[in-house]
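Each chain, letter by letter, is given below.
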Amino acid sequence: MNYSIGQFSTITNVSSPTLRYYEKEQLLIVSRDSAGRRFYTEEDIAWILFIKRLKDTGMSINNIREYALLRYQGDSTTQQRLEILEKHRLAVIEEKAKWETNLLNLDEKIKIYKSKLSQRPETSP
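Residues numbered from 1 in each chain as written. Predicted model: local features only at pLDDT ≥ 70, side-chain atom pairs only at ≥ 80, totals over all residues. Heavy atoms only, no water.

Considering the nonpolar core
(1) Moving on: Judged by nonpolar contacts, the single largest core of 21 residues is most densely connected at Phe 8, Leu 19, Tyr 22, Leu 28, Tyr 40, Ile 48 and Ile 51.
(2) Moving on: In this structure Phe 8 touches Tyr 3, Leu 19, Tyr 40, Thr 41, Asp 44, Ile 45 and Ile 48, once residues within four positions along its chain are discounted. (Core = buried A, V, L, I, M, F, W, Y, C linked by side-chain atoms within 4.5 Å. Buried < 20%, exposed > 50% of the residue type's maximum accessible area, 1.4 Å probe, protein only. Contact = heavy atoms within 4.5 Å.)

Comments concerning the packing of helix α1 (residues 5-12) against helix α3 (residues 42-56)
(1) Moving on: In contact at an axis separation of 11 Å, α1 and α3 are set at 50 degrees when each is read in the N-to-C sense. With respect to α3, the element α1 is oriented oblique. Regarding α1 and α3, the two cross each other, and that crossing is right-handed. Facing Phe 8, Ile 11 and Thr 12 of α1, the residues of α3 in contact are Asp 44, Ile 45, Ile 48, Leu 49 and Lys 52.
(2) Moving on: Class assignment of the residues belonging to the contact of α1 with α3 gives a composition of five nonpolar, one polar and two charged. (Axes fitted to C-alpha atoms, helices over the stretch in contact; angles between N-to-C directions. Helix = DSSP H or I, 4+ residues; strand = E, 2+ residues; numbered from the N terminus. Parallel < 35°, antiparallel > 145°, perpendicular 65-115°, else oblique. Left-handed = near helix turned anticlockwise from the far one by under 90°. Nonpolar A, V, L, I, M, F, W, Y, C, P; charged D, E, K, R; others polar.)

Describing the pattern of salt bridges
(1) Moving on: As enumerated under the stated definition, the model contains eight salt bridges in all.
(2) Moving on: We note a salt bridge from Lys 24 to Glu 25, for which the minimum N-O separation is 3.7 Å.
(3) Moving on: In this structure Lys 24 comes out as exposed when scored by relative accessible area, which is 63%.
(4) Moving on: Put simply, Arg 71 and Glu 43 hold a salt bridge, and the shortest N to O gap is 3.5 Å. Highlighted residues: Arg 71 in helix α4 (residues 61-73) and Glu 43 in helix α3, separated in sequence by 28 residues. (Salt bridge = Lys/Arg side-chain N within 4 Å of Asp/Glu carboxyl O.)

Below, the structure written as structure tokens:
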């Protein structure tokens, strides 16, 4: 099935301007009908959802573009795409470790404040 940009935007929860931006940045190669109107396919849905996950993990537009261009070249680029994802996975693990450390620091500070508040004498009205 083919979808207009508006339909595709609704299905994927990605705005039309963002879809146009992704096309301009070569993250998404969009088919066009005989009148030049964009149309999207079921395969494009899966691809845009994957792009969203990559973005959610902090992958840069440049790296997503590199991956996308390789993807559109086909199976001969599987090794390069694997390397990109493995490298990004390591970056995600490093970032996760930073967040875990920051969360522990926040928890410690919260404990300190709660302890201080519990030790204050109550005041009467």
